[in-house]
Amino acid sequence: MTLSELQRHLERRGLRTTQPRLRLLQFFAQTNGHFTPEEIAERFRLAGEPIPIATLYQNLRVFSEHGLVGEVIGGGGEVRYDTNLTPHSHLRCNGCGTLLDVALSLPDLHLQGQGHDWQITGARVELQGLCPACQLGPPFLPTPTL
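The rules behind these values
- Residues numbered from 1 in each chain as written.
- Predicted model: local features only at pLDDT ≥ 70, side-chain atom pairs only at ≥ 80, totals over all residues.
- Heavy atoms only, no water.
- Phe/Tyr/Trp six-rings, centres within 6.5 Å; stacked < 30°, edge-to-face > 60°.
- Buried < 20%, exposed > 50% of the residue type's maximum accessible area, 1.4 Å probe, protein only.
- Helix = DSSP H or I, 4+ residues; strand = E, 2+ residues; numbered from the N terminus.
- Polar contact = N/O pair within 3.5 Å; in protein donor to acceptor, adjacent residues only side chain to side chain.
- Contact = heavy atoms within 4.5 Å.
- pLDDT = per-residue confidence, 0-100.
- 1 Å grid on protein atoms, 1.4 Å probe; cavity = no way out; pocket = protein on both sides within 12 Å on 5 of 7 lines; lining within 4 Å.
- Points joined across faces, edges and corners; volume = space filled by probe spheres on them.
- Nonpolar A, V, L, I, M, F, W, Y, C, P; charged D, E, K, R; others polar.
- Domains from an automatic or database assignment.
- Core = buried A, V, L, I, M, F, W, Y, C linked by side-chain atoms within 4.5 Å.

Looking at the packing of aromatic side chains
Geometry of an aromatic ring pair is reported as the spacing of the ring centres plus the angle between the planes. Evaluated as defined, the whole model comprises four aromatic pairs. Centre to centre, the rings of Phe 27 and Phe 35 are 5.2 Å apart; their planes meet at 65°, and the pair counts as edge-to-face. With relative accessibility at 10%, the residue Phe 27 sits in the buried group. Residue Phe 35 is classed as buried on the basis of its relative accessible area, which comes to 6%. Centroid distance Phe 27 to Phe 44: 5.8 Å. Interplanar angle 45°. Geometry classified as tilted. With Phe 27 in helix 2 (residues 19–30) and Phe 44 in helix 3 (residues 37–46), this pair connects stretches of sequence that are 17 residues apart. Neither Phe 27 nor Phe 44 differs from the other in exposure class; each is buried. Each member of the aromatic cluster is reached from another via a ring pair, and the members are Phe 27, Phe 28, Phe 35, Phe 44 and Phe 63.

What follows is the structure in structure tokens.
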């Protein structure tokens, strides 16, 4: 995306255009994955474009509230920001903590018992297992699930 496209994207969401927001939106447009704020800050630092951590946290919160980035809880309970905004599920390795986006074909959900009168507007599914590398490696210590 060009800078003008990124700027229009922010404006369509009702957000003021600032340099940190443009840089962060450009980062998300050019990467794929699930990042902690510290990992994002380190990437900016290594690129020679450091961003103050308070500014980063504030803009990640705003982006999440406005649907520009998703949130997922990592294996250690940390918040990770997901660049993939298309409907998807996650596959997490209990050994190394790798987190992958996966597409699942789910049947229609029909709740029975408590909650049967709710209108379902979305679902999050996380599958857990062992990645191929952890299956071959030494015995693993499972990541605690919170």
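Back to the text.
Brief notes about the side chain of Arg 92
Tracing the chain through its elements places Arg 92 in strand 4 (residues 89–93). Within polar-contact distance, the side chain of Arg 92 engages the side chain of Glu 126 at 2.4 Å. When residues no more than four places from it in sequence are discounted, the contact partners of Arg 92 are Ile 73, Gly 74, Gly 75, Gly 97, Thr 98, Leu 99, Glu 126, Leu 127, Gln 128 and Gly 129.

Thoughts on the confidence of the model for the protein
When pLDDT is averaged along the protein, the result is 87, and 93% of the positions lie at 70 or above. Put simply, helix 1 (residues 3–12) is where the protein has its lowest mean pLDDT, 88, and helix 3 is where it has its highest, 96.

Some words on the environment of Pro 52
With respect to the element layout, Pro 52 can be found in the loop between helix 3 and helix 4 (53–65). Judged by relative accessible area, which is 51%, Pro 52 ranks as exposed. Separated by 83 residues in the primary sequence, Pro 52 and Gln 135 have C-alpha atoms spaced 40 Å apart.

Here's the deal with the layout of surface pockets
The space that makes up the largest pocket amounts to roughly 570 Å³. Together, 22 residues line the largest pocket, and Thr 86, His 88, His 90, Ala 123 and Arg 124 are the ones closest to its centre. At four residues, strand 2 (residues 70–73) tops the list of elements feeding residues into the lining of the largest pocket. Residue classes in the lining of the largest pocket are distributed as nine nonpolar, eight polar and five charged. Of the domains in this structure, domain 1 (1–85) and domain 2 (87–106 + 122–134) are the two that each give at least three residues to the lining of the largest pocket. Forming the walls of the second largest pocket are Leu 3, Gln 19, Leu 22, Arg 23, Gln 26, Phe 27, Gln 30, Arg 43, Phe 44, Ala 47 and Glu 49. Residue assignment for the lining of the second largest pocket shows that the elements contributing at least two residues are helix 2 and helix 3. Broken down by element, the residue count for the lining of the second largest pocket peaks at six residues, all from helix 2. Residue composition of the lining of the second largest pocket, by class: five nonpolar, three polar and three charged.

Looking at the nonpolar core
Leu 10, Leu 24, Phe 28, Ile 40, Leu 56, Leu 60 and Phe 63 are the most contacted members of the largest nonpolar core, which has 20 residues in total. Examining the composition of this core, we find that five residues originate from one element, helix 2, more than from any other. What Ile 40 contacts, discounting residues up to four positions off in sequence, is Leu 24, Phe 27, Phe 28, Phe 35, Leu 56 and Leu 60.

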